[in-house]
Amino acid sequence: MRFQLAILLLISFNANAQAEDGYDLWLRYQPISDQALLRDYRDAVSAVLVEGQSATLSAAREELRMALGGLLGRDVPLVEVVEAAVKDRLLVAGTSAPGGLIASLNLANDLKAVGEEGFLIRSMKIGGKRRVVIAANKDIGVLHGVFQFLRLLQTHQPIGSLSIVTAPRIRHRVLDHWDNLDGTVERGYAGFSLWDWHKLPDYLPPRYKDYARANASIGINGTVLTNVNANAVSLTPEYLKKAAALAEVFRPYGIRVYLTARFSAPIEIGNLKTADPLDPGVAAWWKEKADEIYRYIPDFGGFLVKANSEGQPGPQQYGRSHADGANLLADALSPHGGIVMWRAFVYDDKVPDDRAKQAYNEFKPLDGSFRPNVLVQVKNGPIDFQPREPFHPLFGAMPATPLMMEFQITQEYLGFATHLVYLAPLFKETLDSDTFAKGPGSRVARVIDGSLHGHQLTAIAGVANTGSDRNWCGSVFAQSNWYAFGRLAWDHTLSAEAIAGEWIRMTFSNDPLLVEKVSSIMMASREVAVDYMTPLGLHHLMARDHHYGPGPWVSGGPRADWTSVYYHRADSNAVGFDRSASGSNAVGQYFPPVAQLFGSLEKCPEKYLLWFHHVKWDHRMQSGRTLWEELCRGYQRGVSAVRAMQASWRSLRGRVDAERYEQIDAFLRIQESEARWWRDACILYFQTFSKKDIPKEVDPPSETLDYFRSVVKRYVPGTARPIR
Ligand code: BDP
């Protein structure tokens, strides 16, 4: 007896420990403890009918069974016909396929608005009975609707009179995995790759399905499995079989698989002498390759390509343009309905012009010369995922070409997994920026969702932060960035705060104090990181190569545009990159009102000041203080704010399970010490130019500049390069 009890205790202890190690993400489905709410929910959903048969609908049923069982604390019967549960309140889900209950509800008109992937959720009276109806045009819409309905329960929303109609604003909502075939992840801070290539296609651990569930729950519908620094081996039959096995697991969840295409693949795995896009043999090779891929993966999404960038092969090696390269692949894919996502992340240190201008210079003249199934994938800002960048000037500048957004979810320049930085405010800042391409209101979001220039083909990508860590992302808060990316990809009008609120409730609890405090922490966190890393428009100050920690002194080496001094240009007089009309004139790439705003030293928003201007140390800022003082105060503000985040988190002890609480607490300690590292290193370094005292409200540096310069970090995660 005692033995049995011990076993029981052990089992329940393990179950608790596992339940809160972060693996379940925002799909925890913990029992609802508010009794009144529980009664309401149990009453409204005492049985479930999912109409129709398909793998996707089975997934919907399975999710409902698991989730309702967890949330409502009892098994909810899944019925097959209405009669069986006619007395009960019923949740009915399905499409309007003929013969079913949903088909009899005359929803055809309303369903017009939801497209292929959207859904409606409505409280209705059917035959005098109260029902909750989840209806869609396609099975995948039903699954999305199920996840939305569960979200309502998870976040304790009233469900008495529901009327939700939603469809994604962007068609392709994609995660880009920078995963290498050897299991390493470029700029990944959560262990090794999710894809165990060695054991594929035979072994498919449950994690693959859980990955698909997590993505489907936020509406992500595509995954690029491989690194943009591509390996042609991923296109060989051996690896296509592996990718096909993943595609099979993801398919019921509405997720398509994409691969990165190495431009020199015809030479490397095809034994051709050239990869020239205008060579008929090369075109035939890609066509045959595409046909082969579709034999393995009938719904293959297409290719993502990084070409002529950071040493990657590309069409320019043959004197051809990016359009020639993209169109070559587009022609191979188009008979099968595939798309090409061709990256605009190009720059070359042999080109004397400002790096921030080079993508625009290269791509703008090609507007209109891409095939209809090509999207040009543009990073949010013109340099490279810095803590803060102004929006990329290409947005709005290529009206005849569908442009897609590339955000970075993984925190390459934002402290990796240990810094708590909620990225939705960064994503929103870019999406809400007004390009003025067609007058006021030409927001970046409208370029991306196709509404500004009338494009049907639309897409958005986020560089994934997932890995083999038990909690997927390296930290609990990093999960919020995956979540926020998906939610914004579905609907970019959602606010960062609303998304944070949902995520907190699902990830931690509905405890109002906790929701309020964690939301304040998250909402402030991005600005806080900007403050302690790169305030006032500074950028690219990080350590060389691995990008972990400060390195404002980085100079020399293989390329000037990989150094910090190239970007901050500090001298005894001033600091910042003059991109105004009298400098590199990068401002000239923006539409006039924006160009004038950014180009004027007086009018430029201070958050972008040193991005666009070389500013004297004693320049008077809006506050009346000098630039030097404001810079130092920015760094200090960042450090102080991390301390406030720590204190706020500590006040929540006991309101979060111990395992996640402790890890987050430890990570905040790391963040606080690294915020000081950034502040002290940067202030001491810039002081060698400004020759001014550190203001007294700023903590004195803990070490000398020589000390900070001597810090060498070895074996930093995420720096592995693919083996070729
Ligand atoms: C930079 C990363 C590098 C990537 C590159 C890219 O440092 O590892 O390969 O972007 O986007 O941010 O291609």
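Note that the structure is a prediction, hence the values are computed from the model and not measured.

A.B. asks: Help me out: how do you make sense of helix α18 (residues 592–599) in this one?
C.D. replies: Owing to its 3.6 residues per turn, the α-helix brings residues three or four apart onto one side. Those residues of α18 that sit buried are Val594, Ala595 and Phe598. Across the axial projection of α18, the buried residues extend over an arc of 100°, all falling on one side. Next to the buried residues of α18 lie α19 (609–612).

A.B. asks: Whenever I open this one, the nonpolar core confuses me. Can you help?
C.D. replies: Across soluble globular proteins, nonpolar side chains show a tendency to be buried alongside one another. Residues Phe149, Phe250, Trp286, Trp482, Phe508, Trp649 and Phe686 are the most contacted members of the largest nonpolar core, which totals 233 residues. With twelve residues, helix α21 (residues 658–690) is the single largest residue contributor to this core. Within the second largest apolar cluster, 17 residues are counted, among which are Val92, Leu101, Val114 and Ile126.

A.B. asks: Just checking my understanding: could you explain the pairing of strand β14 (residues 459–463) for this structure?
C.D. replies: Across a regular strand the side chains alternate sides, sitting on one face of the sheet and then on the other. The buried count for β14 comes to five of five residues, which makes it a mostly enclosed element. Judged by which residues are buried, β14 turns out to be covered on both faces: Ala459, Ala461 and Val463 on one side and Ile460 and Gly462 on the other are all buried. Both strand β7 (residues 172–176) and β14 contribute to a ladder of five bridges, which runs parallel. Following the sheet pairing, Val174 is matched in β14 by Ala461. Bridge analysis of strand β13 (residues 403–408) against β14 gives four bridges, and the strand direction is parallel. Within β14, the position partnered with Phe407 by the bridge is Gly462.

A.B. asks: Got a minute to help me understand α21 in this structure?
C.D. replies: For α21, built from 33 residues, the straight-helix expectation of 48 Å at 1.5 Å per residue is met to within 8% by its first-to-last C-alpha distance of 47 Å. One or two steps after α21, the chain reaches Lys691, where phi turns positive at roughly 55°.

A.B. asks: Looking at this structure, I do not really get the pattern of salt bridges. What am I missing?
C.D. replies: When their charged atoms lie close together, side chains carrying opposite charge are able to pair. Applying the stated criterion across every chain yields a total of 47 salt bridges. Three or more residues joined by partner-sharing salt bridges are found here, namely Arg643, Glu672, Arg676, Arg679, Asp680 and Asp699.

A.B. asks: I would appreciate a short explanation of the state of the cysteines in the present structure.
C.D. replies: Disulfides are covalent bonds that connect the sulfur atoms of two cysteines. If you walk through the whole model with that rule in mind, you get zero disulfides. Free cysteine Cys604: the closest other cysteine sulfur is in Cys632, separated by 20 Å.

A.B. asks: How should I be thinking about the confidence of the model for the protein in this particular structure?
C.D. replies: Fine structural detail should not be taken from predicted coordinates in areas where pLDDT scores are low. The pLDDT averaged across the protein works out to 95; a share of 96% of its residues lies at or above 70. Counting contacts from residues 1–18, a segment whose pLDDT is below 50, to residues more than four positions away or on other chains yields one contact.

A.B. asks: How should the site of the ligand be read in this particular structure?
C.D. replies: As a matter of local geometry, the ligand sits amid 14 residues, with Glu186, Lys306, Arg343, Asp384 and Glu412 nearest to it. Lys306 places a polar side-chain atom, nitrogen or oxygen, 2.6 Å from an oxygen atom of the ligand. The separation between an oxygen atom of the ligand and a polar side-chain atom of Glu412 is 2.5 Å. Out of a free accessible area of 320 Å², the ligand has 97% covered by protein chains. Of the residues assigned to the shell around the ligand, the class counts are four nonpolar, two polar and eight charged.

Rules used in this analysis
Residues numbered from 1 in each chain as written. Predicted model: local features only at pLDDT ≥ 70, side-chain atom pairs only at ≥ 80, totals over all residues. Heavy atoms only, no water. Buried < 20%, exposed > 50% of the residue type's maximum accessible area, 1.4 Å probe, protein only. Helix = DSSP H or I, 4+ residues; strand = E, 2+ residues; numbered from the N terminus. Arc of directions from axis to C-beta. Contact = heavy atoms within 4.5 Å. Core = buried A, V, L, I, M, F, W, Y, C linked by side-chain atoms within 4.5 Å. Pairing = 2+ DSSP bridges. Expected span 1.5 Å × (residues − 1). Salt bridge = Lys/Arg side-chain N within 4 Å of Asp/Glu carboxyl O. Disulfide = S-S within 2.5 Å. pLDDT = per-residue confidence, 0-100. Near = heavy atom within 4 Å. Polar contact = N/O pair within 3.5 Å; in protein donor to acceptor, adjacent residues only side chain to side chain. Areas by Shrake-Rupley, 256 points an atom, 1.4 Å probe, with all protein chains shown as cover. Nonpolar A, V, L, I, M, F, W, Y, C, P; charged D, E, K, R; others polar.

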